Amino acid sequence: MEAMLSSTSLQLRPLPPHSLSPLSLSRLQLPRGRTPINCFQKTSQSPVLPLRIYASSQTAPASTAAATSSSIPSQMKAWVYGDYGGIDVLKFDSSVSVPTVKDDEVLIRVFAAALNPVDFKRRQGKFKASDSPLPTVPGYDVSGVVVKVGTQVKSLKEGDEVYGNINEKALDGPKQFGSLAEFTAVEEKLLALKPKNLNFAEAAGLPLAIQTAYEGLERSGFSSGKSVLVLGGAGGVGSLVIQLAKHVFGASRVAATSSTGKLEILKSLGADLAVDYTKESFEDLPEKFDVVYDTVGQGDKAVKVVKEGGSVVVLTGAVTPPGFRFVVTASGTVLEKLNPFLESGKVKPVVDSKGPFPFAKVVEAFSYVETNRATGKVVIHPIP
């Protein structure tokens, strides 16, 4: 679930026709009603980054293609792999059976999905001992519309716009039918209503990352008035740790690391100190922190900058005390708790502007995620 950083700059290219907003060299141009939280100036050292940070104040347009329970097909389009391995094992299949709905589940017509490092690591077979049977439809993050409800579902109904991480345990028996498909079945307890001000593409990039960010901070004992250093602050999880620490937990000071071209992003998200890891070592900082949140696998160095009695949250790599390994447990309750912060604009989705990738470009999206250079989240949208 880490977001490994690289000093290699992201290359600009024209945004695809389905993109949510155009990009100019001097500022992010957002649709009417949206306000960019920072403008990025082009310098000799810092190229303009393909990035979207949304601060929406209007309700997303209503869905125009929501299926109903009476129109659910027996087969669907999906991406599938029948063997573990590299990118080449991913295959498009137009005749995958639509998953059945258990009593405590709802069937979602998927409108957008997002990729995480756990997706390609799972496909590579790194968790095969605890994985679901092959063949697998990958995908954890989802947003879409409820089209069918199980007999024990109490709160959700057909037509509800929802989002969530469909796997309660990321590594322990994840679902065989994931979110990179037209339909997916999910337990009601893992979902929340989509924030009203976010569209499907924006919402899809949040669940796994924002829950990981929130629960990691919570388990570290983080609270108002404390300080935090985020290693990998421009990644999917790191960008949300910065925002949650500052705007939800009430941090007294937030520091974060990134490569040169992403320093302004860190500041725009709320970091008080942005550290360029290509030019200076964070372990040489003159200050220490109550919590270090390590998303990039530098736990051995992280312990050098944590205060006595503090904590180091480790998502990947070796764990050195007082560090602790953390793997998120998905819960719709956490999303419900955070929805007000999203709807108020205090916490914003960060979507890498190389996407959204259309459904036909899932292989390209996987390849990009595996470079570990994405800023924020890589989103798949639309899904036919």
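The structure we're discussing is the one just above.
Residues numbered from 1 in each chain as written. Predicted model: local features only at pLDDT ≥ 70, side-chain atom pairs only at ≥ 80, totals over all residues. Heavy atoms only, no water.

A. Main features of the overall build of the protein. A count of helical and extended segments in the protein gives 8 helices and 16 strands. Looking at the 384 residues of the protein, the share that counts as buried comes to 57%. Contacts in the protein between residues at least 24 apart in sequence constitute 71% of all its contacts with a sequence separation of at least 6. Of the roughly 14900 Å² of accessible surface on the protein, a fraction of 50% belongs to carbon and sulfur atoms. (Helix = DSSP H or I, 4+ residues; strand = E, 2+ residues; numbered from the N terminus. Buried < 20%, exposed > 50% of the residue type's maximum accessible area, 1.4 Å probe, protein only. Contact = heavy atoms within 4.5 Å. Areas by Shrake-Rupley, 256 points an atom, 1.4 Å probe, with all protein chains shown as cover.)

B. Representation of the pairing of strand β9 (residues 227–231) in the model. Burial analysis of β9 places 5 of its 5 residues in the buried class, which makes it a mostly covered element. Residues Ser227, Leu229 and Leu231 point to one face of β9 and Val228 and Val230 to the other, with burial holding for every one of them. Across 4 bridges, β9 lies against strand β10 (residues 253–258) in parallel orientation. Residue pairing across strands places Val230 opposite Ala256, the latter belonging to β10. As for the winding sense of the linkage, the β-α-β connection from β9 through helix α4 (residues 236–247) to β10 is right-handed. Bridge count for β9 against strand β12 (residues 289–294) is 4 bridges, and the pairing is parallel. The residue of β12 that forms the bridge with Val228 is Val291. (Pairing = 2+ DSSP bridges. Right-handed = clockwise from strand over helix to strand, strands pointing away.)

C. The arrangement of the packing of helix α3 (residues 207–219) against helix α7 (residues 332–343) in detail. Where α3 meets α7, the closest approach of the two axes is 11 Å, and the angle between their N-to-C directions is 100°. In terms of their interaxial angle, α3 and α7 are classed as roughly perpendicular. Here Pro207, Ile210, Gln211, Tyr214, Glu215 and Glu218 of α3 come into contact with α7, specifically with Val334, Leu335, Lys337, Leu338 and Leu342. Looking at the contact of α3 with α7 residue by residue, the class counts come to 7 nonpolar, 1 polar and 3 charged. (Axes fitted to C-alpha atoms, helices over the stretch in contact; angles between N-to-C directions. Parallel < 35°, antiparallel > 145°, perpendicular 65-115°, else oblique. Nonpolar A, V, L, I, M, F, W, Y, C, P; charged D, E, K, R; others polar.)

D. Region of interest: the sheet that holds strand β14 (residues 323–325). Strand order in the open sheet formed by 6 strands is β11-β10-β9-β12-β13-β14, and the pairing between neighbours is parallel. Each edge of the sheet is formed by a strand with only one pairing partner; in this case those strands are β11 (273–276) and β14. Along the sheet, successive strands turn relative to each other by an average axial angle of 20°, direction set aside. In this structure, β12 lies alongside strand β13 (residues 306–314), joined through 5 bridges in parallel fashion. When the bridges of β13 are listed, Phe289 appears paired with Val306.

E. Just the pattern of salt bridges, in detail. Under the counting rule described, the total for this entry stands at 12 salt bridges. Where Asp160 meets Lys157, a salt bridge forms, and the shortest distance between an N and an O atom there is 2.9 Å. What makes Lys157 exposed here is its relative accessible area of 52%. The shortest N-O distance in the salt bridge between Lys361 and Glu364 comes to 3.9 Å. (Salt bridge = Lys/Arg side-chain N within 4 Å of Asp/Glu carboxyl O.)

F. The packing of aromatic side chains, seen in detail. If you walk through the whole model with that rule in mind, you get 8 aromatic pairs. For the pair Trp79 and Phe92, a centre-to-centre distance of 5.6 Å together with 65° between the ring planes defines the contact as edge-to-face. Here the residue Trp79 occupies a position in strand β2 (residues 75–80), and Phe92 occupies one in strand β3 (residues 91–97), the gap between them amounting to 13 residues. A relative accessible area of 42% means that Phe92 is categorised as partly exposed. One aromatic cluster is present, formed by Trp79, Phe92 and Phe359 through successive ring pairs. Positioned above the aromatic ring of Phe183, the side-chain terminus of Arg109 is 5.9 Å from the ring centre. Against the face of Phe200 rests Lys194, its NZ or CZ located 5.1 Å from the ring centre. (Phe/Tyr/Trp six-rings, centres within 6.5 Å; stacked < 30°, edge-to-face > 60°. Lys NZ or Arg CZ within 6 Å of the ring centre and 35° of its normal.)

Read these as geometric descriptors, not functional statements.
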